[in-house]
Structure formats: structure tokens, C-alpha cells
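Observations on the three-dimensional arrangement
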Amino acid sequence: MLGHHLDDQVETFFLRLLRGAGIEGLGAIPRRQELGAGLLARPLLDCARSDLEEYAAGHGLRYVQDPSNRDIAMDRNFLRAEVLPLLASRWPAYRQTVARARGHLAAASVALDEALGVPATVHSALGDPGLALGPLLTGSAEVAAIRLRAWLRSLGFRVPDRVALAEFLRQLRAAAADASPGLACGGWSLRRYREAVYLLPDFAAPPPQVPLALAPGERLVVPGVGAVTLQAAATGDLWLAPGEQLALRWRRGGERCRLPGRAGSRSLKTLLQELDVPPWWRDRVPLVCLGDELLAVGDLARCASERWRRADQPGDNRWKLSWERRASAGSD
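Residues numbered from 1 in each chain as written. Predicted model: local features only at pLDDT ≥ 70, side-chain atom pairs only at ≥ 80, totals over all residues. Heavy atoms only, no water.

1. Topic: the overall build of the chain
Across its full length, the chain holds eight helices and 18 strands. Across its three principal axes, the chain shows a C-alpha extent of roughly 95 × 50 × 35 Å. Across the 332 residues that make up the chain, the buried fraction comes to 37%. The contacts in the chain between residues at least 6 apart in sequence include a share of 62% that link residues at least 24 apart. Where the 43 positive side-chain charges of the chain centre and where its 37 negative ones centre are 3 Å apart. (Helix = DSSP H or I, 4+ residues; strand = E, 2+ residues; numbered from the N terminus. Buried < 20%, exposed > 50% of the residue type's maximum accessible area, 1.4 Å probe, protein only. Contact = heavy atoms within 4.5 Å. Lys, Arg positive; Asp, Glu negative; His and termini not counted. Charge placed at Lys NZ, Arg CZ, Asp CG, Glu CD.)

2. Here's the deal with helix H4 (residues 94–116)
When the terminal C-alpha atoms of H4 are compared, their 33 Å separation across 23 residues agrees well with the 33 Å that a helix rising 1.5 Å per residue should span. Taken as a whole, H4 has its buried residues at Tyr94, Val98, Arg102 and Ser109. For H4, the secondary structure elements touched by its buried residues are helix H1 (6–18) and helix H3 (75–90). Trailing H4 by a residue or two, Gly117 shows a phi angle of about 75°, which is positive. (Expected span 1.5 Å × (residues − 1).)

3. Concerning the nonpolar core
Among soluble globular proteins, nonpolar side chains are generally buried collectively. Membership of the largest hydrophobic core comes to 39 residues, with the highest contact counts inside it found for Leu214, Leu230, Leu246 and Val297. Secondary-structure elements contributing two or more residues to this core are strand E7 (196–199), strand E9 (219–222), strand E10 (226–232), strand E12 (246–249), helix H8 (268–274), strand E15 (287–290), strand E16 (293–297) and strand E18 (318–324). Setting aside its immediate chain neighbours within four residues, Val297 contacts Leu268, Leu271, Leu272, Val285, Pro286 and Leu287. Counting 18 residues, the second largest nonpolar core, distinct from the first, contains Leu131, Leu148, Leu183 and Val197. (Core = buried A, V, L, I, M, F, W, Y, C linked by side-chain atoms within 4.5 Å.)

4. Here we look at the pairing of strand E4 (residues 129–132)
When strand E3 (residues 121–123) meets E4, the two strands line up antiparallel, connected through three bridges. When the bridges of E4 are listed, His123 appears paired with Pro129. Taken together, E3 and the strand that follows it, E4, pair antiparallel across an intervening segment of five residues, in which Gly127 is found at a positive phi of about 95°. Sheet topology places E4 next to E7; three bridges connect them, and they run antiparallel. Each residue of the ladder has a partner; that of Gly130, found in E7, is Tyr198. (Pairing = 2+ DSSP bridges.)

5. Re unusual backbone geometry
With a phi close to 55°, Arg194 is a non-glycine residue in the positive phi region. Along the chain, the position of Arg194 falls in the loop between strand E6 (188–193) and E7. Arg194 gets classed as partly exposed once you look at its relative accessible area, which sits at 36%. Positive phi is not limited to glycine here, since Asp276 has a value of about 60°. Topologically, Asp276 is positioned in the loop between H8 and E15. The exposure class of Asp276 is partly exposed, given its relative accessible area of 36%.

6. Structural notes on the packing of aromatic side chains
Describing an aromatic ring pair means giving the distance of the ring centres and the angle of the ring planes. Scanning all chains against the criterion turns up six aromatic pairs. Note on Trp281 and Trp323: the rings are 5.9 Å apart at their centroids and 80° apart in plane angle, and the pair reads as edge-to-face. Residue Trp281 is located in the loop between H8 and E15, and its partner Trp323 is located in strand E18; the two are separated by 42 residues in the primary sequence. Taking the relative accessible area as the measure of exposure, Trp323 reaches 5% and is therefore buried. Put simply, the rings of Tyr193, Tyr198 and Trp280 touch in pairs and so form one group of aromatic residues. The cationic tip of Arg90 hangs over the ring face of Trp91; the distance from NZ or CZ to the ring centre is 5.7 Å. The positively charged end of Arg325 is found above the aromatic ring belonging to Trp323, 4.8 Å away from the centroid. (Phe/Tyr/Trp six-rings, centres within 6.5 Å; stacked < 30°, edge-to-face > 60°. Lys NZ or Arg CZ within 6 Å of the ring centre and 35° of its normal.)

7. Digging into H1
Between its first and last C-alpha, H1 extends 19 Å over 13 residues, near the 18 Å set by a 1.5 Å rise per residue. With 10 of 13 residues buried, H1 lies mostly within the body of the structure. When H1 is considered as a whole, its buried residues turn out to be Leu6, Asp7, Asp8, Gln9, Val10, Glu11, Thr12, Phe13, Phe14 and Leu15. Along its buried surface, H1 packs onto helix H2 (49–58), H3 and H4. Downstream of H1 by one or two residues, Gly20 has phi in the positive range, about 80°.

8. Here's the deal with the layout of surface pockets
There is about 550 Å³ of room inside the second largest pocket. Taken together, 19 residues make up the lining of the second largest pocket; nearest its centre are His5, Arg49, Glu53, Tyr63 and Gln65. Among the elements that make up the lining of the second largest pocket, the one with the highest residue count is H2 (five residues). By residue class, the composition of the lining of the second largest pocket is seven nonpolar, five polar and seven charged. (1 Å grid on protein atoms, 1.4 Å probe; cavity = no way out; pocket = protein on both sides within 12 Å on 5 of 7 lines; lining within 4 Å. Points joined across faces, edges and corners; volume = space filled by probe spheres on them. Nonpolar A, V, L, I, M, F, W, Y, C, P; charged D, E, K, R; others polar.)

9. Observations concerning the confidence of the model for the chain
When pLDDT is averaged along the chain, the result is 87; 95% of the residues meet or exceed 70. The low-confidence segment residues 327–332 (pLDDT under 50) makes 12 contacts with residues lying over four places distant or belonging to another chain. (pLDDT = per-residue confidence, 0-100.)

This is the structure in C-alpha cells:
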């Protein structure tokens, strides 16, 4: 519970109005909102500051005055000390009137969100959540902005300011088909890839610079990549001789892979593009090798090799390869 009161609400309304806020911003301070698994509530929004001061004095309550509140170089303090008293001298009930208008705007914002709905979430080939370009390129830029804000809020992210969002939408609409406009806001970033915009993973670390050994039965957690596991499989999959172990490497250039049943090999760069792997993942895909032989590109593609057998043979040690792509908690 927070102690925001009616004067805070009115001050916030005027500050946002003077900054050119839209209908959502002019809704000012919400009375209730979700906060993680709980609820944030402001039960005093209908009470004026003078009412609270009178109550505190009448009940002998002690409270602290922030000395910075007297600094009228700050916009909120200037409104409080210079502008709003002038309004009160002409319109004594202005607080209640502004609060009523704020309520109408907040209700209109909610109704507009409900009418447009929250766009469906799509996912990249590696699981990044995103939003299809269609809702952002059709209709007016204002409606597109409302859709994008609603989608971000549905995922629990802070929405960007109006100017940054308008510029991002302008770039999306003006950019060539192969361009990748981006938008960063605090702890998250959006980037276009092909026919969607995706939330970039909050990678915990850069990709490894050296190969890492992966032994049968091992689960190897690699910061910024995820977890690669080689577990026993009853049938099929990868055959290894006793004592053999794999190496995980990362793209450096020049790697090639021949897919089973395909004629000729292709470059890793081309293969990753064909697999729709977003650019921000391409240097992080683990390349599974046995000696100098490239066996697999993560768990996305297998390269032709006698190590991948369709039928079991007596005495075979068979293993299943998996890759959990979890860069950090921010990319769940």
C-alpha cells in the first residue's frame, strides 16, 4: 500500500499533460495494479493533502517533511507551489474535477485496449517471444503503438516513452525487408527479424572462446548459451565408442555441414539462415564435434556421419543430445 493522495494525482496529471502524454499516460496514477504475485494499492487517492495533514494533527501523528519539496526548480514542486494555488483561487474544486476527467481517460484507455486486444505472441526458431509485424504495419501508427504497449504490458515489461516508440514504428514501416530496426528500454530490447519483432534474450555472458568437453552422461551449463546434455538413449541417436567424448565449439567462420540425404555440404552461415536462427543466436549455437568432425549444429540439425545410426548394433553405446536454450531468467 502506498500513500499517494489526490494532490499527487492532480500533479501527475498536469505533468504528463505538459509533456504531451497520450490517453494512457493521462490516466495518471492507477488505484490498483498487479505487482509480481501481489497487488499494489493506493487507498488515499481520494483524499487531499490538506485532509491528511489535518487528520495527522488531530491525532498527534508524527510525519516527515522532505526538504526537497520546497525546491521549485523541480517541475512538480513548481506546479505545487506556484501554479496549482492560482488554479485553486479561481476553481476551488479543481482537484475533484481533474480527478474526474482523469478517471474518464483511464476508462477510455482500458476500453480501447480491450477493443483492440493483445496481439498474439509468436516465437523465433529458438524460442524468443515476439510480435508479428502485421499488427505494427497495418492501420495508423497510433493504433500500432497501443498494440505494442499492450503486448509488452502483458509480458510484464515497462513500456517505452512515446517518442522512442514512435521512432521505432517509423523505422519499421520505412525500413527495407532485410533491415533490423531495434528499440531498447531499460532492461529489455526489441529487434526485427524477418516478419516479426522479438525480445532479445538477456544473455548472461558472451559465447565461449575455447572448446568445451562434453562427456557421455554429462549436463554442461554454458553461460550465455544454455545447457547441453548427452544422456543415454535406449535406441537410435548418437553412437560413441567407450572413452570417447564430444567437444562443443562455436562459430568462427568456414564451418560446413552436409545434411543427411542431401548432395554436397553447405556453409554454417547458410544453414543457420535456412533454419531461421536469429542473428543474435548464431554465434551461440553449440557446434557438436568429435575430433575434427562436425556432427551436429546444436539440436537443430545433424550433419551426415556414420555416428548417427538408424539401427542398433550389439554393444553400441547410444546417446541423445539436447540443448536447453535458456540464456537467463529474462529470456524465459
